[in-house]
Amino acid sequence: MALLIRLFGLFLLLGAFGLPACAQMPILTLEHLTTKEGMPSNDVWCLNEDKNGFLWIGTGRNLCRYDGYSFMRLDSLQLGYCSGISTDSKGDIYTSVDTRGLCRIDMKTMEVSTLLVNNYDDQDTNNDLHEQGLVDSQDQVWMCDYTAVKRYDIKTGKLRRYTFAKQVSGGDVYQYASFFEDRQHVLWIVSELGLYYYNRKTDRLVCMLGPEAIYPENRVQVRLSRASQDSAGNLWIGGYEYGLVKYSPADHSFSIRKAGFEQNSVLCVQESQDENGRRLLFVGTNDGISVLYTDRNELYHLPEFYNNGIKIKDMYDDKSNGILWIGTSEGIYKYRYRNIGIRSIAIPANVVRLPVQVTSIQPVAGGNYLLGLSHSGALSWQPSTNTFKLLRFPGDMLTDKLRLIGSEVFAFTDKGVVTKKNEAFVPWAPASALFRSTDFRDGLLDRKGRLWIANLNESLKVINPVTKKEIRLWTKEQDKKLMNQSYIKALLEGADGKIWIATCSRGLFYFDEEKGIFVNLEELNFNKGRRIGGDCINGMQRGRDGSVLIASWGGVSKIAPNGYVMYSFDFKEGLLKDTYCANIAETEDGNLWFSTNEGIHIANPKTRSVRYLTTIEGLRSNAPVGFYYHAPNELLLGHINAINILNINQLVGNVASPGIVLSSVEVKGKPVYIDLRKEITLQPDENSITFSFSTLNYEPASQNLYSYKLSGDDNGWVQMGNEHTISFSNLPADSYTLLVKSSNSSGMTTSKPLTIRIIVRPYFTSTWYFRVLIGLTIAALIVGMMRWRVDTLAERNRLDLQITEWKLKALQSQMNPHFLFNSLNSVQNYLLTNRGVEGAKYLSKFSKLVRRIMENSNHQYISFEKIIDTLRMYVEIESFRFNHEFNYSFDIEENDALLDAQLPPMLLQPYVENAIWHGLMPKEGEKQLTITARLDNKHIECTIRDNGVGRSFAPRGEGHISRGQEMTRGIFESLRQKDSDAKIELIDLFDDDNRPAGTLVIMIIPIENI
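Residues numbered from 1 in each chain as written. Predicted model: local features only at pLDDT ≥ 70, side-chain atom pairs only at ≥ 80, totals over all residues. Heavy atoms only, no water.

Caption draft 1: Representation of the overall build of the protein chain. For the protein chain, the helix and strand inventory stands at eleven helices and 74 strands. When contacts within the protein chain are restricted to residue pairs at least 6 apart in sequence, those whose partners lie at least 24 apart make up 52%. As displayed, the protein chain has an accessible area near 46,200 Å², and 50% of this comes from carbon and sulfur atoms. (Helix = DSSP H or I, 4+ residues; strand = E, 2+ residues; numbered from the N terminus. Contact = heavy atoms within 4.5 Å. Areas by Shrake-Rupley, 256 points an atom, 1.4 Å probe, with all protein chains shown as cover.)

Caption draft 2: Structural context of the sheet that holds strand S10 (residues 101–105). The four strands are arranged S8-S9-S10-S11 in an open sheet whose pairing can be described as antiparallel. Taken across any chain shown, the strands that pair with only one partner, and hence form the sheet edges, are strand S8 (82–87) and strand S11 (112–117). Averaged over neighbouring strand pairs, the angle between their axes works out to 20° when direction is ignored. Pairing of strand S9 (residues 93–97) with S10 involves five bridges; the strand directions are antiparallel. (Pairing = 2+ DSSP bridges. Axes fitted to C-alpha atoms, helices over the stretch in contact; angles between N-to-C directions.)

Caption draft 3: Inspection of the pattern of salt bridges at higher detail. Scanning the entire structure with this criterion turns up 40 salt bridges. Its salt-bridge partner being Arg 200, residue Asp 136 comes within 3.2 Å of it at the nearest N-O pair. Of this pair, Asp 136 sits in the loop between strand S12 (131–135) and strand S13 (140–144) while Arg 200 sits in the loop between strand S18 (194–199) and strand S19 (204–209), and the two are 64 residues apart along the sequence. For Lys 983, the salt bridge identified is with Glu 985, shortest N-O distance 3.4 Å. (Salt bridge = Lys/Arg side-chain N within 4 Å of Asp/Glu carboxyl O.)

Caption draft 4: View of a nonpolar patch on the surface. A cluster of nonpolar residues, Ile 774, Ile 778 and Ile 782, forms a patch on the protein surface that exposes about 240 Å² of accessible area. Counting through the fold element by element, Ile 774 comes out in helix H5 (residues 768–812). (Patch = residues over 30% accessible without salt bridge, like charges linked within 9 Å, V, L, I, M, F, W, Y side chains within 5 Å.)

Caption draft 5: Inspection of unusual backbone geometry at higher detail. Ser 505 follows Cys 504 through a cis peptide bond whose omega is 15°. Relative to the helices and strands, Ser 505 resides in the loop between strand S45 (499–504) and strand S46 (508–512). Note the cis peptide between Ala 631 and Pro 632, where omega equals 5°. By secondary structure assignment, the location of Pro 632 is in the loop between strand S56 (626–630) and strand S57 (634–638). Positive phi, normally seen in glycine, also occurs at Lys 468, with a value near 65°.

Caption draft 6: Geometry of the state of the cysteines. In the structure shown here, the tally under the stated rule is one disulfide. With its sulfur 1.8 Å from that of its partner, Cys 504 forms a disulfide with Cys 536. On the sign convention where negative means left-handed, the S-S torsion of about -95° between Cys 504 and Cys 536 marks this disulfide as left-handed. Remark: Cys 536 occurs in the loop between strand S47 (517–520) and strand S48 (537–542) and Cys 504 occurs in strand S45; sequence separation between them is 32 residues. The burial state of Cys 504 is the same as that of Cys 536; both residues are buried. This cysteine, Cys 64, is not joined by any disulfide, and Cys 82 carries the nearest cysteine sulfur, 9.1 Å off. (Disulfide = S-S within 2.5 Å. Buried < 20%, exposed > 50% of the residue type's maximum accessible area, 1.4 Å probe, protein only.)

Caption draft 7: Seen up close, the pairing of strand S20 (residues 224–229). Counting buried residues along S20, six of its six residues qualify, which places the element largely inside the surrounding structure. As defined by bridge partners, S20 adjoins strand S21 (residues 235–239) across four bridges and the pair is classed as antiparallel. Bridging across to S21, Ser 228 finds its partner in Trp 236. In this antiparallel pair of consecutive strands, S20 and S21, the connection spans five residues, and Gly 233 shows a positive phi of 95°.

Caption draft 8: Looking closely at the nonpolar core. Core analysis: the biggest nonpolar cluster contains 45 residues, and Phe 864, Val 912, Ile 916, Leu 929 and Met 1003 have the highest contact counts within it. With sequence-adjacent residues up to four places away left out, Ile 916 is seen in contact with Tyr 874, Val 875, Glu 878, Phe 882, Phe 886, Met 921 and Leu 929. Counting 30 residues, the second largest nonpolar core, distinct from the first, contains Phe 54, Tyr 66, Leu 74 and Met 107. (Core = buried A, V, L, I, M, F, W, Y, C linked by side-chain atoms within 4.5 Å.)

Caption draft 9: How the structure looks around the packing of aromatic side chains. Applying the stated rule across the entire model yields 37 aromatic pairs. Each ring, one from Tyr 69 and one from Tyr 706, has its centre 6.4 Å from the other, and the planes form 55°; the classification is tilted. Taken as a pair, Tyr 69 in the loop between strand S6 (63–66) and strand S7 (71–73) and Tyr 706 in strand S63 (residues 705–710) lie far apart in primary sequence, 637 residues in all. Across the pair, exposure class does not vary: Tyr 69 and Tyr 706 are buried alike. Grouped by ring-pair contacts, the aromatic residues Tyr 66, Phe 71, Trp 325 and Tyr 698 constitute a single cluster. (Phe/Tyr/Trp six-rings, centres within 6.5 Å; stacked < 30°, edge-to-face > 60°.)

Caption draft 10: Examining the confidence of the model for the protein chain more closely. Considering every residue of the protein chain, the mean pLDDT works out to 86; 88% of them sit at 70 or more. Across residues 1–23 the pLDDT falls below 50, and counting only partners more than four positions away or on other chains, this stretch makes 58 contacts in the model. (pLDDT = per-residue confidence, 0-100.)

Caption draft 11: Layout of the environment of Ser 83. You can see Ser 83 is positioned in strand S8. Spatially, the C-alpha atoms of Ser 83 and Thr 59 are 7.8 Å apart, while their sequence positions differ by 24 residues. Not counting residues within four places of it along the chain, the set of residues in contact with Ser 83 comprises Cys 46, Ser 96, Glu 131, Gln 132, Tyr 176 and Arg 226. Among the polar contacts listed, one links the side chain of Ser 83 to the backbone nitrogen of Gln 132, at a separation of 3.0 Å. (Polar contact = N/O pair within 3.5 Å; in protein donor to acceptor, adjacent residues only side chain to side chain.)

Caption draft 12: Structural context of helix H3 (residues 476–483). Residues Gln 478, Leu 482 and Met 483 constitute the buried set of H3. An end-on view of H3 places all buried positions within 125° of arc, on one side of the element. Turned more than 90 degrees away from the buried face of H3 sit Lys 476, Glu 477 and Lys 480, all of them exposed. On the buried face of H3, the contacting elements are strand S42 (460–463), strand S44 (487–493), S45, S46 and S47. Where H3 terminates, the next one or two residues include Gln 485, which has phi positive at roughly 50°. (Arc of directions from axis to C-beta.)

Caption draft 13: Highlighting the sheet that holds strand S69 (residues 887–892). The sheet built from five strands is open, its strands ordered S69-S71-S72-S74-S73 with mixed pairing. At either margin of the open sheet sits one strand with a lone partner, and together these are S69 and strand S73 (983–990). With direction set aside, neighbouring strand axes in the sheet form an average angle of 10°. Two strands pair when backbone bridges link them, and strand S71 (residues 928–935) and strand S72 (residues 939–946) are joined in this way by seven bridges, in the antiparallel orientation. What sits directly across from Leu 929, in S72, is Asp 946. Lying over the sheet, helix H8 (residues 864–881) contacts S69, S71 and S72, oriented at roughly 170° with respect to S69.

Caption draft 14: Examining the side chain of Asn 48 more closely. With respect to the helices, strands and loops of the structure, Asn 48 is situated in strand S4 (residues 44–49). At 2.8 Å, the side chain of Asn 48 and the backbone oxygen of Ile 85 are in polar contact. Those residues in contact with Asn 48, other than ones at most four positions away along the chain, are Phe 54, Leu 55, Trp 56, Ile 85, Ser 86 and Tyr 316.

Caption draft 15: A look at a negative patch on the surface. On the surface, Glu 865, Asp 869, Glu 894, Asp 896 and Asp 900 cluster together to form a negatively charged patch. Take Glu 865: it is sitting in helix H8. (Lys, Arg positive; Asp, Glu negative; His and termini not counted. Charge placed at Lys NZ, Arg CZ, Asp CG, Glu CD.)

Caption draft 16: Just helix H10 (residues 909–920), in detail. Relative to the 16 Å expected for twelve residues at 1.5 Å per residue, H10 spans 16 Å between its end C-alpha atoms, a close match to the ideal helical length. With respect to burial, H10 is a largely interior element, eleven of its twelve residues being buried. Of all the residues in H10, the buried ones are Gln 909, Pro 910, Tyr 911, Val 912, Glu 913, Asn 914, Ala 915, Ile 916, Trp 917, Gly 919 and Leu 920. (Expected span 1.5 Å × (residues − 1).)

Caption draft 17: Expanded view of the environment of Leu 445. Here Leu 445 lies in strand S40 (residues 440–445). With relative accessibility at 34%, the residue Leu 445 sits in the partly exposed group. Expressed as a C-alpha distance, the spacing of Leu 445 and Pro 465, which sit 20 residues apart in the sequence, is 8.8 Å. Residues within four places of Leu 445 in sequence aside, it is in contact with Ile 405, Gly 406, Arg 450, Leu 451, Pro 465 and Glu 493.

Caption draft 18: Geometry of the packing of H8 against H10. Where H8 meets H10, the closest approach of the two axes is 11 Å, and the angle between their N-to-C directions is 15°. In terms of orientation, H8 and H10 fall into the roughly parallel class. Where H8 crosses over H10, the two elements pack in a sense that is right-handed. From H8, Leu 871, Tyr 874, Val 875, Glu 878 and Arg 881 reach across to H10, where they touch Gln 909, Val 912, Glu 913, Ile 916 and Trp 917. Here the contact of H8 with H10 is composed, by residue class, of six nonpolar, one polar and three charged. (Parallel < 35°, antiparallel > 145°, perpendicular 65-115°, else oblique. Left-handed = near helix turned anticlockwise from the far one by under 90°. Nonpolar A, V, L, I, M, F, W, Y, C, P; charged D, E, K, R; others polar.)

Caption draft 19: Region of the structure containing the pairing of strand S35 (residues 387–392). Note that strand S34 (residues 377–382) and S35 share six bridges and pair antiparallel. If you follow Ala 378 over to S35, its bridge partner there is Leu 391. As consecutive antiparallel partners, S34 and S35 are separated by four residues, and within that stretch Asn 386 has a phi angle of approximately 55°, a positive value.

Here is the structure:
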């Protein structure tokens, strides 16, 4: 929001009231707010502040609230002149609106309710008006109409009416009144019949000044407007056609000042301060504003108001921010009077032609100063008496610098060098003799008694002050080096006697007298990678420790005596508000104070932080030219027509953290009012929300910075700059916490962030209970389907297992034809080779095995012990048949549960056969078959291991064995439906050379699910 800033005060019209011609006029800086900035009307009737610090404004069209950025209007109060605004102990607003009556505004919800209605339609005239509403410290609302005073009790809702017996001139009982409660909580009724106070014990209005006064000496005819209290406890009251009234509650005395207000009616009065903290009265009249110094009896009328006939209707003193708000017929004027640590001294118009810029400040003997000017000469200023005297130059010269060289004062100007002689300045002859150019920048007398003079266009010369002859200390080549594409801006002698030369735009040089050369800092090896703030240096000063301080285009730097760049503050860091740095000083605490076109910067090298002082804090302007640090506690700044005196200690200590408040909330573009103690709840279609914030310090927007952090955001604090609004759209349904903080022009940050809790409600289809409902429905369907599927699968698995078992049983009923054929051939071979005994043994074992197999085929399940016994018999016969070419072993755990377990008879047989026929028999060398069985957690772990040729040597056999393996795998597939641990696994074995070394079969057989 743009503010129309009107600066005035140097052109105040001195009132014709016997004032001394040399009186110091106040310098006032006011800002003007009108409908252009968003006010509902320029006709302002009343002003007040709520408990949060918002400014409330009653206008001729509406009531509005101001937060320093924008004016908020209440929709329910669209139209109506507002004559009173006040707050109760809870913080709610009470206001008098002529189209409504007495209204209350709930500060949490901004809801408006009408307590007392203005009713113009009935016969009762007592309820026509409820104006000038004020809530006192007892939560009593005081109002008036044209005939009486009214008191409304907020707690009980009862209305009490007070009438008067006396009449004003003309015979009418006409006593329109206003109300004021002083610091002692005495309520005063300021009426057109006189001044009254409210006696709470007797519930009566007692007249203290006017025709009904209880003191005879106070029975005078007065018509009073509004009252305020000064720091001494006196009441100052405006009087219609009677001037300014002062009343003392301590001794009941009064005085009336008509002088200066003969043609005006005084409407309101407010004590305040001028730019230097001196107390004065702002007196508002029907034609403008006057200021009165009561201690000196000095009265000034402000022509900015009187020339335009601006009526002053009310004033409010915002003590927390040091602002006087002035309500007028042409909008609001804001005067910031609290400038702690900053004083302003105006240059009298009768001393020098105005406007004039103070360009240089030089201290002289006796605590006095010489002020170099942009024209005419220099001012001799005596601070003790605040008197000025002009010391003229021989021509119209612009002073670049004033220097005290030895006992003489030199002025280096754009038209030559002049020195002070008695009460004027005269030309210094050597300047014109040694230089052709008349534009000079600086000069100094070094410790060796030599005079150094810097000319803008003709470089630098060293002069013997006695002979006035030039002393040549360097060659022409060095002179060219110094002046190549550059010119000199300032000179400084270091603590070690080294001469430093500031140039533009070649940076900083020093003169090495031993070598007779000029050394640029950039040439020093230890400065490699380091740089000064800027190469065009505008100002230079010696630091506390003998260092050199420079201020340049781009920043400021501190340089060690040997030329090392210690540190810099420049625009690349983003800390400076302006790149033009003109003058610099180092204070006792080590901070750097330097001037720019955007005020004074205060840089702290330890924290790398920067504070700012501007016209908001009381500077006469943001671009001072004159600059002088009077150690240890004062900084003098030269402005146009004035100087500032800054108290370093006060300004350093006058730093407070800014506040942060929520100004407004808009949901989908519509304003809503909320109680921040509760969460903000947004419906699914309301997930677009905008927040506005304020520090309520009423500084320009550029002076306040904001940042925020939203819970769930991993980016940390988001810097908003000067923007004071945040918008969020399409926020997912969730709970959020928004943290907001602010920082002011001094670099101070909010001590405690503002916390806002937000809940975005999801659509019903996104709620957890909807999801639970859907989940339960799906779960029910799944459970139903699984129950059906389980029943189906169980039956299917049972049938599959049964079919497999039938197949296995059918297989069991058959003998492998190859096995039978080979076995009988073995018997025949024993007989033909006369080994009848061995053949008989073999035939006996064979017959037992055949009988056992036939017996087992009659049973679907047999014990594991019988399975192992049958398997032993089979392996023994095979070993016998193959002439005991392979060794075998059985490692069966002695466990009743294991041996009694019921299993299909042919579960192991096919894999043992395969190990012998296809694993061991083709192998050359030692052959070994090992069969193990263990019981492990209701499972039989059985292994069949051979060290044969492996499965890759030749395909596995077909027929009986392959069919048996296939049906065994089918049984395990069925078992896995009941027990996931059931498995059969074939593992190929390899030796150390990665050659096939046999096969391992692992079976995990559940014994409870068979």
